[in-house]
Amino acid sequence: MDGILGKKLGMTQIYAEDGTTIPVTVVQAGPCKVVQVKTTESDGYAALQLGLVEEDNPVKHPTKPLTGHFAKAGVEAMRHLAEFRADDGEEVQAGDEVKATLFNADDFVDVTGTSKGKGFQGVIKRHGFGGGRATHGSMFHRAPGSIGQSAYPSRVFPGVRLPGRMGGDKITTKNLRVVKVDEENGLLYLRGAVPGAAGGVVTIRRAKRG
């Protein structure tokens, strides 16, 4: 199985055996349930659709199509679904549970989440522009400056860095090492930072390291 769904809990630090400090992000990985099994014969590729079980936040009024979809698998309705690649012939059935024990310490994973939304921002915060002088008499401080030509071609080219909405994007952080797996509590300790705010849903997949 390729990966699992989880929730980012926050960052902390743990100590290695030699006493060095390791910054880690704690992720509540699963538990997830298999909602659908896709095979090469029926769908053209092999994959598993997983749903994140949230006992403290159940779905109260699922739509009729989703109600039938979950009923077919014999599982309760879930808010978050994701599809992960699997091998043909993998002995997994709808309703099976997937936990954090899918990964081991020293595995490498790619984590995808939604970055924190920061609203409408200017070019200095959004793109790191330097801005103008802050001295007396200067009338150029945090403006973007010239954005195009005058007579020809008299238009703004696509891709010009301008003010706009910042954050709230799908971000993938690659090759994070699994420092520790807490089987009892279903926690993964990943070295480094993970996209998004605490409580955000993330997908954790095995890294495709070249």
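Heads up: the structure comes first, above all this text.
Being a predicted model, the structure only gives us computed values, none of them experimental.

Trainee: Describe the overall build of the protein chain, listing the residues and the values that go with them.
Mentor: Across its full length, the protein chain carries 3 helices and 12 strands. For a compact globule of 210 residues, the expected C-alpha radius of gyration is about 17 Å, and the protein chain comes in at 23 Å, more than 25% above that figure. Dimensions of the protein chain, computed from C-alpha atoms along their principal axes, come out at roughly 70 × 50 × 40 Å. Expressed as a percentage of the 210 residues in the protein chain, the buried residues total 32%. For the protein chain, long-range pairs separated by at least 24 residues make up 71% of all intrachain contacts whose partners lie at least 6 apart in sequence. Carbon and sulfur atoms make up 49% of the accessible area of the protein chain, which totals about 13,000 Å².

Trainee: Lay out the nonpolar core in plain terms, naming residues and giving numbers.
Mentor: For soluble globular proteins, nonpolar side chains are generally found buried alongside one another. Counting 26 residues, the largest nonpolar core has Ile4, Val109, Val111, Leu188, Leu190 and Ile204 as the members making the most contacts within it. With 3 residues, strand β4 (residues 47–52) is the single largest residue contributor to this core. The residues touching Val111, leaving out its near neighbours within four places in the chain, are Ile171, Thr172, Thr173, Leu176, Leu190, Val194, Pro195, Val202, Thr203 and Ile204. Grouped together as the second largest cluster of nonpolar side chains are 7 residues, Ile22, Val26, Val179 and Tyr189 included.

Trainee: Account for the pairing of strand β10 (residues 170–182), with residues named and values stated.
Mentor: Two elements, strand β7 (residues 108–114) and β10, share 6 bridges in a ladder whose sense is antiparallel. Its bridge partner being in β10, Gly113 is matched across the sheet by Ile171. As paired strands, β10 and strand β11 (residues 187–191) are joined by 4 bridges and run antiparallel to one another. Bridge pairing links Val178 to Leu190 in β11.

Quick notes on the rules
Residues numbered from 1 in each chain as written. Predicted model: local features only at pLDDT ≥ 70, side-chain atom pairs only at ≥ 80, totals over all residues. Heavy atoms only, no water. Helix = DSSP H or I, 4+ residues; strand = E, 2+ residues; numbered from the N terminus. Rg over C-alpha atoms; globule rule 2.2 N^0.38 Å. Buried < 20%, exposed > 50% of the residue type's maximum accessible area, 1.4 Å probe, protein only. Contact = heavy atoms within 4.5 Å. Areas by Shrake-Rupley, 256 points an atom, 1.4 Å probe, with all protein chains shown as cover. Core = buried A, V, L, I, M, F, W, Y, C linked by side-chain atoms within 4.5 Å. Pairing = 2+ DSSP bridges.

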